[in-house]
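Each chain is listed here by its residues.
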Amino acid sequence: NEIWQHNYGSKNNTELAHYMVQNTDGNLMVTGQSSSQTSSRIDGHLLSVSTNGDSLGFKYLASSINISPAIIFRQPNGDNLITGLTNKGNGTIGTFITYTDANGNFK
């Protein structure tokens, strides 16, 4: 049985979710990527969602290169280690890693 359903994002971007983990408080942390219709760059994002589906926060993980965060590794203290791919657009693929607290704030 469906409990709730929500759409997140903006009309001007194509946004995809990749991975989700549940915090100890029941809220969800979701990684994904956004690509603008006016730009060729891809930005990673981190979305925090409450237990009833309301958005608690949306953060872009933007840089000068394309970022596609994929997996969240929940740490024993509740922090998040987020990994994924980078793409400089010239065929060079790399690894993306960032570390946040349980609320998605960068450490």
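Bear in mind the structure is a predicted one, so any value in this text is a computation, not a measurement.

Trainee: What should I look at first to understand the layout of surface pockets in this one?
Mentor: Where empty space is left becomes clear once a probe the size of a water molecule has been rolled over the atoms. Its boundaries defined by the atoms lining it, the largest pocket holds a volume of some 190 Å³. Counting only elements with at least two residues in the lining of the largest pocket, the list comes to β1 (13-22), β2 (28-36) and β3 (42-49). The biggest single contributor to the lining of the largest pocket is β1, with four residues.

Trainee: Quick question: what am I supposed to make of the environment of Leu-81 here?
Mentor: You can see Leu-81 is positioned in strand β6 (residues 80-87). Given the relative accessible area of 27%, Leu-81 is considered partly exposed. Along the primary structure Leu-81 and Thr-100 are separated by 19 residues, whereas in three dimensions their C-alpha atoms are 6.6 Å apart. What Leu-81 contacts, discounting residues up to four positions off in sequence, is Ile-71, Ile-72, Phe-73, Gln-75, Ile-97, Thr-98 and Tyr-99.

Criteria and cut-off values
- Residues numbered from 1 in each chain as written.
- Predicted model: local features only at pLDDT ≥ 70, side-chain atom pairs only at ≥ 80, totals over all residues.
- Heavy atoms only, no water.
- 1 Å grid on protein atoms, 1.4 Å probe; cavity = no way out; pocket = protein on both sides within 12 Å on 5 of 7 lines; lining within 4 Å.
- Points joined across faces, edges and corners; volume = space filled by probe spheres on them.
- Helix = DSSP H or I, 4+ residues; strand = E, 2+ residues; numbered from the N terminus.
- Buried < 20%, exposed > 50% of the residue type's maximum accessible area, 1.4 Å probe, protein only.
- Contact = heavy atoms within 4.5 Å.

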